[in-house]
Amino acid sequence: MKHFINLKDIPSKDLKKIIIDAKRRKNLRKKLSTLEVDKGAPLKGKLLIQMFEKSSLRTRLSFYLAIKQLGGGTLTLRSNELHLGQGGESIADTAKILSTYGDGFMLRTDSDKKVENFRKYLSIPVINGLSPSSHPTQVLSDVFTVEEIKKKPISKLNICWIGDSNNVLESLISASVKFSFKLSIGCPRKFEPSTKVKNWVKKNKKKIFIYNDPKKAASNADVIFSDKVISLNDKVHKKKKIAQFKKFKIDKKLMRSAKKNCIFLHCLPRGNEVSDDIFLGNKSHVWQQALNRVHVQKSILLYCFGKLR
Ligand code: CP
Ligand code: NVA
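Residues numbered from 1 in each chain as written. Chains lettered and ligands numbered in written order. Predicted model: local features only at pLDDT ≥ 70, side-chain atom pairs only at ≥ 80, totals over all residues. Heavy atoms only, no water.

A. Region of interest: the sheet that holds strand E9 (residues 263-266). The five strands are arranged E7-E6-E5-E8-E9 in an open sheet whose pairing can be described as parallel. The outermost strands of the open sheet, each flanked by one partner alone, are strand E7 (209-211) and E9. Put simply, the sheet's adjacent strands are angled 20° from each other on average, direction ignored. Both strand E5 (residues 158-162) and strand E6 (residues 182-186) contribute to a ladder of five bridges, which runs parallel. Bridge pairing in E6 links Trp 161 to Ile 185. (Pairing = 2+ DSSP bridges. Helix = DSSP H or I, 4+ residues; strand = E, 2+ residues; numbered from the N terminus. Axes fitted to C-alpha atoms, helices over the stretch in contact; angles between N-to-C directions.)

Laid out in structure tokens, this is it:
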């Protein structure tokens, strides 16, 4: 049984296989409409249970479409509607029941420990749909989007992140090691990736490049990524943190430091970290990026269900 919790724990060859399958499947369903099922309905009869402890638009919808297009179904739970969320039932017993009724479990939570506990007690695959330290389905899908737009392996591109050292960046750092691409990060000194993350990169004999000057980070970039300054799990002084990121706003001037054909990507939802003209302009591919989550998550589901060819 395969879980999909952190990119750093998944072998590179498996991640690459998922991307190849997603490309093939996306191509094959060009003429199919939203809810038509892929040929062979590989997940026919399977139920994915999704549980959200935090808000979600894209992850919820993209997993719904992903499992439907593979011939299966999904049920979405809010933890506060369960006994678990009221403190009335343990993770162990909840997990046992989820494993009895369902075939896979996708969880969005503000506790990495909870993801681990569910993994311990479930006898069905767990997919991390965002936790404080990881957003693996988003970032694997973003690798797919970059290669689709740039028509090159991501290992041949300069990738830049301008923004907070959050869950999405942590997964992007893992991806930079797994896919061997150059990653330059632009953020205030106070918001650099943690020593634990930096040490993990070193242990894997790879390098990430951190700058406290956004122009230096963006220099020669093929892709600039960003995300909200304030994440769902952030318990900070919001106004103060936003002010500390003021000079890291992605605007026309900053984009000029990157390559001429540099593209802009953002997992969404957005805050004020990017100007409207860049976000809505021709360098931005954020809508294609959002839609690609359906395609990549289908291959992630097949991987977890042991059906990836
Ligand atoms: N990008 C992303 O995960 O969006 P949601 O929070 O809307 O799911
Ligand atoms: N870093 C953001 C991502 C949202 C999809 C958050 O955790 O809120």
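B. Expanded view of the sheet that holds strand E2 (residues 73-78). Here we have four strands laid out as an open sheet, ordered E2-E1-E3-E4, and parallel in their pairing. If you trace the sheet from one side to the other, it starts and ends with E2 and strand E4 (126-128), each paired once. Neighbour-to-neighbour, the strand axes of the sheet open up by a mean angle of 20°, direction not taken into account. Of the pairings in the sheet, the one linking strand E1 (residues 47-52) to E2 comprises six bridges and is parallel in character. Within E2, the position partnered with Phe 52 by the bridge is Arg 78.

C. Inspection of the side chain of Ser 299 at higher detail. Note that Ser 299 resides in helix H12 (residues 286-304). Classification of Ser 299 by relative accessible area gives buried; the value is 0%. A polar atom in the side chain of Ser 299 sits 3.1 Å from the backbone nitrogen of Ala 22. Ignoring anything within four residues of it in the chain, the contact list for Ser 299 reads Ile 18, Asp 21, Ala 22, Arg 25 and Leu 308. (Buried < 20%, exposed > 50% of the residue type's maximum accessible area, 1.4 Å probe, protein only. Polar contact = N/O pair within 3.5 Å; in protein donor to acceptor, adjacent residues only side chain to side chain. Contact = heavy atoms within 4.5 Å.)

D. Here's a closer look at the site of ligand 1. As a matter of local geometry, ligand 1 sits amid Ser 56, Leu 57, Arg 58, Thr 59, Arg 108, His 135, Gln 138, Cys 267, Leu 268 and Arg 293. Contact between ligand 1 and Leu 57: an oxygen atom at 2.6 Å from a main-chain N or O atom of the residue. Contact with the protein chains covers 95% of the free accessible surface of ligand 1, which is 250 Å². Under a 2 Å grid-point criterion requiring more than half of the atoms, the pocket assigned to ligand 1 is the second largest pocket. Per-class residue counts for the shell around ligand 1 are three nonpolar, four polar and three charged. (Near = heavy atom within 4 Å. Areas by Shrake-Rupley, 256 points an atom, 1.4 Å probe, with all protein chains shown as cover. 1 Å grid on protein atoms, 1.4 Å probe; cavity = no way out; pocket = protein on both sides within 12 Å on 5 of 7 lines; lining within 4 Å. Sits in = over half its atoms within 2 Å of the grid points. Nonpolar A, V, L, I, M, F, W, Y, C, P; charged D, E, K, R; others polar.)

E. Just the pattern of salt bridges, in detail. Within this structure, the stated rule accounts for 18 salt bridges. Here Glu 148 and Lys 26 are joined by a salt bridge, their closest N and O atoms 2.8 Å apart. With Glu 148 in helix H5 (residues 136-150) and Lys 26 in helix H1 (residues 12-28), this pair connects stretches of sequence that are 122 residues apart. Asp 276 is the salt-bridge partner of Arg 270, the closest N and O atoms lying 2.8 Å from each other. Since its relative accessible area comes to 32%, Arg 270 is described here as partly exposed. Salt bridges linked by common partners bring Asp 21, Arg 24, Arg 25, Arg 29, Asp 38 and Lys 298 together as one network. (Salt bridge = Lys/Arg side-chain N within 4 Å of Asp/Glu carboxyl O.)

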